[in-house]
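Descriptive analysis of the structure
Spelled out, the chains give:
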Amino acid sequence: MEKEPHQLAEEGKRAFAASHYAEAARLFEEASRGYNLGHDGLHAAEMDNNRSVALLKNNQPQQALDASRGTDKIFESHADATKQAMALGNQASALEALKRYEEALPLYERAAALFEKTGEKDMRALVLKSVAAIRLKQGKLSEAGMEMLGSLGAVEKPSLWQRFLKFLLRFKP
């Protein structure tokens, strides 16, 4: 008996939680196919994004990029800015893993703007940290510091360490 897409999705989530990323990616792909057959593009896009994350965790960045490509447009067409931002972040993470930094940066920046719009401060902070990390890899220390300061300011309840870093980063050379 063939499983329903939602059953495959749940199995995929369990496999992911158990760090069985290849299995999770396979199950999310099957769930996506099932949702597409049922003309449910929104849930299919969610499964493609889940698959992208599992593939990234399994050190398969090109496949992760392929899995998430275009899903941001589906979420945008359904006016779901949070999921759109997550999809952009997934694509940017895959590009970053492929060392395609100049392509990753604008996607991270769009994701950060959408997270700000939706009030997802912690997600925005996470994305801004990724931007800062890329700037550091590129040797752009001043820009990295500004991005890091922005990411610290985005955290809703900063820890003592984050408040200290924020204090230090205010002093530019």
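Predicted, not measured: the structure shown is a model, and the values here were computed from it.

Details of the overall build of the protein chain
Within the protein chain, the regular secondary structure consists of ten helices and zero strands. Its helices and strands taken in sequence order, the protein chain reads α-α-α-α-α-α-α-α-α-α from the N to the C terminus. Residues classed as buried in the protein chain amount to 39% of the 173 residues present. Entry remark: accessible area of the protein chain is about 9900 Å², with carbon and sulfur atoms responsible for 55%.

Points about the packing of aromatic side chains
Under the counting rule described, the total for this entry stands at one aromatic pair. Each ring, one from phenylalanine 16 and one from tyrosine 21, has its centre 5.1 Å from the other, and the planes form 65°; the classification is edge-to-face. For phenylalanine 16, a relative accessible area of 26% puts it in the partly exposed group. Judged by relative accessible area, tyrosine 21 falls into the buried class, the value being 17%.

Quick word on the packing of helix 6 (residues 81-97) against helix 7 (residues 101-118)
Taken N-terminus to C-terminus, the directions of helix 6 and helix 7 make an angle of 160°; their axes are 8 Å apart at the nearest point. Classed by the angle they form, the pair helix 6 and helix 7 counts as roughly antiparallel. For the pair helix 6 and helix 7, the sense of crossing is left-handed. For the pair helix 6 and helix 7, the contacting residues are Ala81, Thr82, Gln84, Ala85, Met86, Leu88, Gly89, Gln91, Ala92, Ser93, Leu95 and Glu96 in the first and Tyr101, Glu103, Ala104, Leu107, Tyr108, Arg110, Ala111, Leu114, Phe115 and Thr118 in the second. The residue makeup of the contact of helix 6 with helix 7, split by class, is 13 nonpolar, six polar and three charged.

Let's talk about the pattern of salt bridges
Tallied over the full model, the rule gives ten salt bridges. Lysine 3 is the partner of glutamate 11 in a salt bridge, and the nearest nitrogen-oxygen pair spans 2.5 Å. Judged by relative accessible area, glutamate 11 falls into the partly exposed class, the value being 23%. Two residues, glutamate 46 and lysine 83, come together in a salt bridge whose shortest N-O distance is 3.0 Å. Separated by 37 residues along the polypeptide, glutamate 46 in helix 3 (residues 41-57) and lysine 83 in helix 6 bring together distant segments of the chain. A relative accessible area of 29% means that lysine 83 is categorised as partly exposed. Salt bridges here are not isolated pairs; linked through shared partners, they connect Glu23, Arg26 and Glu30.

Things to note about the nonpolar core
The biggest cluster of nonpolar side chains holds 35 residues, and the ones touching the most others in it are Ala31, Met47, Ala104, Tyr108, Ala111, Val127 and Ile134. For this core, the elements supplying multiple residues, two or more each, are helix 1 (5-17), helix 2 (21-37), helix 3, helix 4 (61-68), helix 6, helix 7 and helix 8 (121-137). In terms of residues, this core owes the most to one element, helix 7, which gives nine residues. Setting aside anything within four residues of it in sequence, one finds tyrosine 108 in contact with Gly89, Ala92, Ser93, Glu96, Val127, Ser130, Val131 and Ile134.

Let's talk about helix 3
Because the α-helix completes a turn every 3.6 residues, residues three or four places apart line up on one side. A rise of 1.5 Å per residue sets the reference length of helix 3, with its 17 residues, at 24 Å; its end C-alpha atoms lie 24 Å apart and thus fit the reference within 8%. Along helix 3, the residues classified as buried are Ala44, Ala45, Glu46, Met47, Asp48, Asn49, Arg51, Ser52, Ala54 and Leu55. The inward-facing, buried residues of helix 3 contact helix 1, helix 2, helix 4, helix 5 (71-77) and helix 6. Backbone geometry just downstream of helix 3 places asparagine 59 in the positive-phi region, at approximately 55°.

Focus: the confidence of the model for the protein chain
Mean pLDDT over the protein chain works out to 84, with 79% of the residues at or above the 70 mark. In the model, residues 162-169 has pLDDT below 50 throughout and makes 13 contacts with residues more than four positions away in sequence or in other chains.

Rules of the game
- Residues numbered from 1 in each chain as written.
- Predicted model: local features only at pLDDT ≥ 70, side-chain atom pairs only at ≥ 80, totals over all residues.
- Heavy atoms only, no water.
- Helix = DSSP H or I, 4+ residues; strand = E, 2+ residues; numbered from the N terminus.
- Buried < 20%, exposed > 50% of the residue type's maximum accessible area, 1.4 Å probe, protein only.
- Areas by Shrake-Rupley, 256 points an atom, 1.4 Å probe, with all protein chains shown as cover.
- Phe/Tyr/Trp six-rings, centres within 6.5 Å; stacked < 30°, edge-to-face > 60°.
- Axes fitted to C-alpha atoms, helices over the stretch in contact; angles between N-to-C directions.
- Parallel < 35°, antiparallel > 145°, perpendicular 65-115°, else oblique.
- Left-handed = near helix turned anticlockwise from the far one by under 90°.
- Contact = heavy atoms within 4.5 Å.
- Nonpolar A, V, L, I, M, F, W, Y, C, P; charged D, E, K, R; others polar.
- Salt bridge = Lys/Arg side-chain N within 4 Å of Asp/Glu carboxyl O.
- Core = buried A, V, L, I, M, F, W, Y, C linked by side-chain atoms within 4.5 Å.
- Expected span 1.5 Å × (residues − 1).
- pLDDT = per-residue confidence, 0-100.

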